[in-house]
Each structure stands twice: as structure tokens, then as C-alpha cells.
Amino acid sequence: MAGDKKTSNRLIHESSPYLLQHAHNPVDWYPWGEEALTRAKQEDKPILVSIGYAACHWCHVMEHQSFENPKVAEVMNSRFICIKVDREERPDVDAVYMDALQAMGLQGGWPLNVFLNAEAKPFYGGTYFQPQQWVNLLLNIAEAYEKNRQELDTSADQFVSHLNKSEFEKYGLTQSTLEVSEGDLNLMYTNLSKRFDVEYGGLSPAPKFPMPTNYLWLLRYYHHTQDEKALKHLHLTLRELAYGGIYDQAGGGFARYSVDAEWLVPHFEKMLYDNGQLISLYAEAYQATRETLYHDVVYETIAFAERELMSSEGGFYSSLDADSEGEEGKFYTFTKDELHHMLHSEEPLFSKYYHATAAGNFEHGRNILHRRISDERFAQENELELEVLQEMVANWKDIVMNTRAQRIRPGLDDKILCSWNALMLKGLSDAYYTFGNKHFLELALQNANFILHKFLKGNRLYHNYKNGKATIEGFLEDYALVISAFIRLYEVTFDEKWLHQARGLTDYTLENFYDDSDGFFFFKDKSTKQLIASKKELLDNVIPSSNSVMATNLHYLGLYFIEEPYIAKSENMLAKVKTLVLKEPSHLSNWAILYFNKLTPTAEVSIVGPEAPEMRAEISSFYQPNMLLAGALNSSNVPLMLGKEILKDKTTVYVCYNNTCRFPVFTAAEALEQMQVKQEKPKFPSL
């Protein structure tokens, strides 16, 4: 073992908090890299790749039970080359070996433990194992590797062959010209709605993840069709999420997922990528509905992110652990006695509001705070003035936060990831777009400049940043999500720097990620060291797929820069996945949003004149989901704006579709009328 054998292994030199958590294991861990792979070849040993992340509860459990155990470590060290991977730092490695596990017919998850031959080709794997199971498996694998090597190598070659199947073959894609129709849009809704949980919102079954792009699409579908059922399910989902234990009722911010259908019991880890996207979703939902609850969720979640995840340099850290003091959720939950001690005479009303009981609704008699009804209804049922109740709730939240401040906090994963920061940047920009709160814009600009100065070297992005260093070359998700965020930041500032940065990064991806043979983008930069398989990310997950984001970026940038090749590539990508989108919209909802953009089509709104920022703010206060904004105080070099001039010495608005413009107008109301945007609050259906 490198370094001090009694106290640390090679991971002590890493910056990832997850890897550093394992730096004092007796296991002779290597980080992913040439040193470990070369040693495996030299010693002809099998490789164990163990993949997890800092906020993963079962990763901590397996470390404590097995990797901290000297006897287990002895088996691992003597028979295997052991590699630890932070999946958030190396999503490329995680994707390859997760696909391999699923190709073996096994259920995926983390911790992900995969066994490879000396050529880094997988032949077996699994997730969490109890200690004795783990030792037995290690011994069986080691014996099989010695006695049945040829058979294992053949199996590994077959898995690698499977991993390198083209997307056309894997998903049954077909080459076609893009055709869009209202019927297809309705079919997407029909297929998505089959999974609606009509009691608690979201999609069945549990465990339930927020999946923001599903509801961004549903917002668009409702806006386009005025289908009351779509609005009802959207509001049910967003309300139950905001009322549930998955949402931090005192401090703001969302946990990663709920283990139950009611959104009550979360796995308590809080991830940057969820919260950035949920800010976007709730901001957009507020814009469409003017629902006060959505406003509060946005403001509270941004406050949480700034307070608990933002670094002094302007970047956002990755996550907060689920566990503290060895217990999941202990930081966020309370016994009835604790509540009485905190709140005294107000405890009964507090407990009624947040559904806390003596028995508790979680482990060890503890309570997860959650709501079931609106403040208006609670005030009425308890004979309180609404304003009095709201003052009490604000005070209760302060008391809870002050109590939590005295507790041992969950662990912070303080690495800063480019792609996840881009999601938060987009969220902050969307929040400013909707609410016009200047502090949101200040945070967005601080973060955008952090991305420029810490992640961008020349024309290449890097994926990670910690302790002043960015060491891992960027993946497609980094480029795609930064481009998307920079486009939005341009729309809310009209600072052309952000739009030109977005285009420069797009051209880099076309040169270094794009595959001319099928029209999609590789996940990994072709100029960097490759793995055993070259993956392309097509299906949308909690984070939308990098290819769907790039297809959307090409659509918007094609309009801004009047670049037909961009638009053609975007339409070609969408055409190939269209059949999948129709069948499985819940797994391709960001593609479905792009489909909506192609169907409607996109309104190209250019504002020129001294009051361009004010005009933008007025226009963007109304919900028009398929619109891009360009603007300047006098003139602009953005091709979309060429020839669009100030008329009659007034700030002038040009509304165009497919480069064909309506008559120039001079008020936001006239521009909204040209776009047929309704300017009244929708009536919510009864739930």
C-alpha cells in the first residue's frame, strides 16, 4: 500500500470526499487510472471496481461492514486489484459498468461492485452485499478466475460486445425525416398518464423520484391543449411534493427521492442537481399559474442552496448526506418530546400542522415534518386568521432551524461539478426570469463567472473542481448543460458574451463528441482516453440525457445564429428517437419538450431600444414556454437581430416565426397578443 500503510491508502491523495472517506480503509484501494489497470495486467489479477457516491446510504453501510474490516480487506487485497470510483466524478466509468451489470440480467444500483478481468472487461457484478456474502463471493470469484479463466474471458468479451452495440441496434432506432403532429403529442400524454398516481401525484409505483422534465413537458402540454386533467395532475404532483417529507419544511430544498407513494419518507440526501431543476420547474409553474405555494418553494430552495451548498468562490457543492450521527434523517426529524421542549405551548398546533405524533412516523419515534392541506384551509379549520397562522409558521421554521443548528450536521460533499452547477445556474436564471428578483440574478452571474474561470480552460470544459484544481476532462453533460444555462443567462441579461460562449462550446462538441455515422453525440470527448465501450446517452433520467439537451441547444442556437446545419442536426436526432418518445415519454420527456418546440413552433422575440430590459421583464412575466428572447439597447451582432431597428424612437419588439416576422410593435401587450399568450391566471381544477 502506498504511503503510511497503517493509516491510509492511495485514495488519501484524491480530492473527492467519497474517495477520501475510504482513504483509511485497510483495503488497498486505487483510484480509477492507469496505475491500477497496469498492475492488474502485470500481475494478471482480476479487478474489483466499487462505485458509489458520498450521499449514498448503502455505500456507507457496506464500507462500515466490509471495507473497514481487516479480515475482509485481506481477502480483497490478496486476490484482487481494488479500485474505488466516485460515480459523480466519473459518470463515464459508472455508465459503462452499470450497463454491464444490467446486461448480466442483474438489478442496478449503488454501491455498484463489478468484477473485471485484467483487460478491464466485466464478467460479474452486484450491488450491496452483507459481509459474509461478500467474502464468499470474493473467494468464489477468485477461484473461478484461476480455474475457469478462459470461460470468464469469453463471457467478458461478450459483455463488451453488447456494450458496444450501436444505439440504432440497442433501441431499434430508424432513420427518418421528422414529422410532427397534434396526434403524436396527444399520444405522448396518453402514454404518460397511464402511470399517473392520481392520489398523491407523480408516477407510480414507489419509490418515487421528482423527475422534473416530466412536469415541464406536462406544463407545455396543458398550455397548448388546455387539458384540465393535465393541469390537475401537475398541480397535484407539485403540491404533494411541496407538502411531503421529501421537501424540507423548515429549511427548503428537496431530498433525492421518496421510498413511499405519499412523498412522506425520503432518503434524506439533498442533491444539487435535483434542487437546481426543481427551482426551474416551480418557477415555470408559478409563471403559468401564479400559485403562491410555487413562489414559496422557489424562494426557500434558493435560500437553502445559497446557505448550505454555495462556496465562497461562487460554485455550488454537490450534496448533503442522508446520515448524521450514524442515523439516516436524524438531523431533520424530531420526537414529540423534542418538539414540546422547543415550542412549549405552541407545540400542539405545530404538531397538528406538521402531523407530528408521539409514536412518530419514522424510525425511533421520530417525526418527518409534512403537510396535508393549504394554509387557508388549516386557518379556517382552526379558527385562525390566515396572516396570524403564516406569522406562526414563519416563527416555527426559525425555531426548527435554530434547533438544527445545534445538531451535528450531515456530511457535505464539497466537490464542485460543472454539469450540476449548470443546472443550478439554469434554475437561478429561470427564477430571475419569472420573479425579477435581482438577488437571483446576482447569484446566477456569480456562478456563471465561476464556471468560466474555474471549469473552462481554452475551449475545453472540465468536470470537477476542488482545492483550486480541475482535473477531469468534461463530459458531454458538462458541455450540454452549460450551453443550455448560458443561453438562458443571455435571455435574462441580453449580454451577448453568454450566447457566444454557448456557441463556442457547441462547436467544440460538434468537433470532439459528435458521431457523423448516426448523428448523436458520444458521452466522452473523443480526444481523451477511451474506456472499453463508447457510450451515447439517449434516455432522460432525473437529469435529462446529454443528447436531448444538445438537440435542444442546437435548435435554439440554430435560430439565434441562423445556422441551418444546427437545426438540421437537431431535427435528425429527434426524428430517430421519435418512436421511443411516443412509447415511453416518461423516459424521454426532454425529447418530448423538444418535440413540442418543433410542433408549435418557437417564437423568436427580438427587443431593441433603451427600455429593452424592462420590456423583456414584462414579456417574461407571462407564460410562453416556446419562445426565445434576444435584445439590445441599440444594435446587436446576433444574426437573429440583424436588420431589426428602433422605430419611432421607441423600444421596438419583433415577433417572428421561422424568420418570418409580424409587424413591429411597441408594447409588451401587443407582442403577447401576436403570440396569442393569455394574460390571465388559469382557474385551478378542484383536487
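We now turn to the structure provided with this report.

Thresholds, definitions, all that
Residues numbered from 1 in each chain as written. Predicted model: local features only at pLDDT ≥ 70, side-chain atom pairs only at ≥ 80, totals over all residues. Heavy atoms only, no water. Phe/Tyr/Trp six-rings, centres within 6.5 Å; stacked < 30°, edge-to-face > 60°. Helix = DSSP H or I, 4+ residues; strand = E, 2+ residues; numbered from the N terminus. Buried < 20%, exposed > 50% of the residue type's maximum accessible area, 1.4 Å probe, protein only. Arc of directions from axis to C-beta. Contact = heavy atoms within 4.5 Å. Disulfide = S-S within 2.5 Å. Pairing = 2+ DSSP bridges. Axes fitted to C-alpha atoms, helices over the stretch in contact; angles between N-to-C directions. Core = buried A, V, L, I, M, F, W, Y, C linked by side-chain atoms within 4.5 Å.

1. As for the packing of aromatic side chains
Point 1. Applying the stated criterion across every chain yields a total of 40 aromatic pairs.
Point 2. Relative to Tyr332, the ring of Phe268 has its centre 5.9 Å away and its plane inclined at 5°; by these criteria the two rings are stacked. Here the residue Phe268 occupies a position in the loop between β7 (266-267) and β8 (270-271), and Tyr332 occupies one in the loop between β11 (327-328) and α14 (336-343), the gap between them amounting to 64 residues. Judged on exposure class, the residue Phe268 and its partner Tyr332 are both buried.

2. Some points on α14
Point 1. Looking only at α14, the buried set comprises Leu339, Met342 and Leu343. Seen along its axis, α14 keeps its buried residues to an arc of 75°; they face one direction. Along α14, exposed side chains directed more than 90 degrees from the buried face belong to Asp337 and His341.
Point 2. Elements in contact with the buried residues of α14: α15 (347-354) and α17 (386-405).

3. Let's talk about the state of the cysteines
Point 1. Within this structure, the stated rule accounts for 2 disulfides.
Point 2. The disulfide partner of Cys56 is Cys59, and the gap between their sulfur atoms is 2.3 Å. Across the S-S bond linking Cys56 and Cys59, the dihedral sits near 80°, which makes this disulfide right-handed.
Point 3. Residue Cys656 pairs covalently with Cys661 via a disulfide, S to S 2.0 Å. Across the S-S bond linking Cys656 and Cys661, the dihedral sits near 90°, which makes this disulfide right-handed.
Point 4. Taking the relative accessible area as the measure of exposure, Cys656 reaches 1% and is therefore buried.
Point 5. Along the protein, the cysteines that take part in disulfide bonds pair up as 1-2, 3-4, counted in sequence order.

4. So, the sheet that holds strand β2 (residues 47-52)
Point 1. Within the open sheet, the 5 strands sit side by side as β1-β3-β2-β4-β5. Their pairing is mixed. The open sheet has two edge strands with one neighbour each: β1 (29-31) and β5 (122-126). Across this sheet, the average inter-strand angle for adjacent strands is 30°, counted without regard to direction.
Point 2. Where helix α6 (residues 131-147) meets the sheet, its contacts fall on β2, β4 (112-116) and β5, and the angle it forms with β4 comes to roughly 15°.

5. Here's the deal with the nonpolar core
Point 1. Judged by nonpolar contacts, the single largest core of 198 residues is most densely connected at Trp134 and Ile619.
Point 2. Tallying contributions element by element places helix α20 (residues 476-493) first for this core, with 12 residues.
Point 3. Excluding residues that lie within four positions of it along the chain, Trp134 makes contacts with Leu48, Met62, Ser66, Phe67, Val72, Met76, Asn113, Phe115 and Phe129.

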